[in-house]
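Report on the structure
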Amino acid sequence: MDDFMRAAIEEARLGWSEGGIPIGSVLVRDGKIIGRGHNRRVQDGDPTAHAEIDCLRNAGRVGSYAGAVLYSTLMPCYYCSGAVVQFGIKQVVVGEAETFTGARGFMEEHGVKVTLLDLDECKQLMRRMQQEYPELWNEDIGK
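Residues numbered from 1 in each chain as written. Predicted model: local features only at pLDDT ≥ 70, side-chain atom pairs only at ≥ 80, totals over all residues. Heavy atoms only, no water.

With that settled, the discussion passes to the packing of aromatic side chains. By the definition in use, this model includes five aromatic pairs. When the centroid spacing of 5.3 Å and the interplanar angle of 35° are considered together, the rings of Tyr65 and Phe87 count as tilted. Separated by 22 residues along the polypeptide, Tyr65 in the loop between α3 (51-59) and β3 (69-74) and Phe87 in helix α4 (residues 78-87) bring together distant segments of the chain. Residue classification places Tyr65 among the buried residues on the basis of a relative accessible area of 10%. Residue Phe87 is classed as partly exposed on the basis of its relative accessible area of 40%. (Phe/Tyr/Trp six-rings, centres within 6.5 Å; stacked < 30°, edge-to-face > 60°. Helix = DSSP H or I, 4+ residues; strand = E, 2+ residues; numbered from the N terminus. Buried < 20%, exposed > 50% of the residue type's maximum accessible area, 1.4 Å probe, protein only.)

Spelled out as C-alpha cells, the structure:
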C-alpha cells in the first residue's frame with residue numbers, strides 16, 4: 001500500500017473518530033496530495049458531504065485535473081463517480097469494493113482507469129460501521 005492510500009485511510013479513521021462514516025479520500029497530482037477529505041455527512045448534517053466530494057472541496061479550484069489521481073477507501077458511488085467524470089479525473093485508486101460495489105462500471109465507461117486494491121483494513125472499517133450503525137449506512141446510500 002502506498003502513502004496516498006494510507007492518507008485516505010487516515011481520513012477514514014478521522015471521520016469514524018468524529019462519529020461519522022469511515023470513508024476517506026485524497027486527491028494527488030504530481031506526486032503530492034492537493035486535497036483530502038472524509039465523509040462528513042453526519043458531522044455537517046449534509047447529505048452531499050461524501051468523502052470524495054469533501055476532498056474535492058478541500059482541494060479548491062485546481063484548474064485542470066489532468067494527471068490527477070483520486071484515492072478513496074471505498075468504491076465511489078454514482079454521485080461521486082459523476083464528479084470524477086465531470087471534472088475529467090482519469091484515474092481512481094480504491095481501497096475496497098466488497099462492502100459497497102459503487103459505480104466502477106460507470107467510471108470505466110467514461111474512460112476512467114479504476115484500480116481496486118482490495119484492502120482488508122478498508123473492509124474492516126466499513127464492516128464495523130455497517131454492523132454497529134446499519135441505519136446510518138442505509139441512509140448514506142439512500143435506502
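Once you've had a look at it, read on.
This part is about the pairing of strand β1 (residues 24-29). The element β1 is extensively covered by neighbouring structure, given that five of its six residues are classed as buried. Taking the residues that link successive antiparallel strands as the turn, the β1-strand β2 (residues 32-38) hairpin has two residues, and the phi of Asp30 there is positive, at about 55°. Strand direction decides the pairing type here: β1 and β3, joined by four bridges, are antiparallel. Counterpart to Val28 in the pairing with β3 is Val69. (Pairing = 2+ DSSP bridges.)

Whenever strands of a sheet pair, they do so through backbone hydrogen bonds, lying parallel or antiparallel. The sheet built from five strands is open, its strands ordered β2-β1-β3-β4-β5 with mixed pairing. Because the sheet does not close on itself, it has two edges, and the strands there are β2 and β5 (113-116). The sheet shows a mean angle of 20° between the axes of neighbouring strands, direction not considered. Here strand β4 (residues 91-96) pairs with β5 via four bridges, running parallel. Each bridged residue has a counterpart across the sheet, and for Val94 the counterpart in β5 is Leu116. Lying over the sheet, helix α1 (residues 3-17) contacts β1, β2, β3 and β4, oriented at roughly 25° with respect to β2. (Axes fitted to C-alpha atoms, helices over the stretch in contact; angles between N-to-C directions. Contact = heavy atoms within 4.5 Å.)

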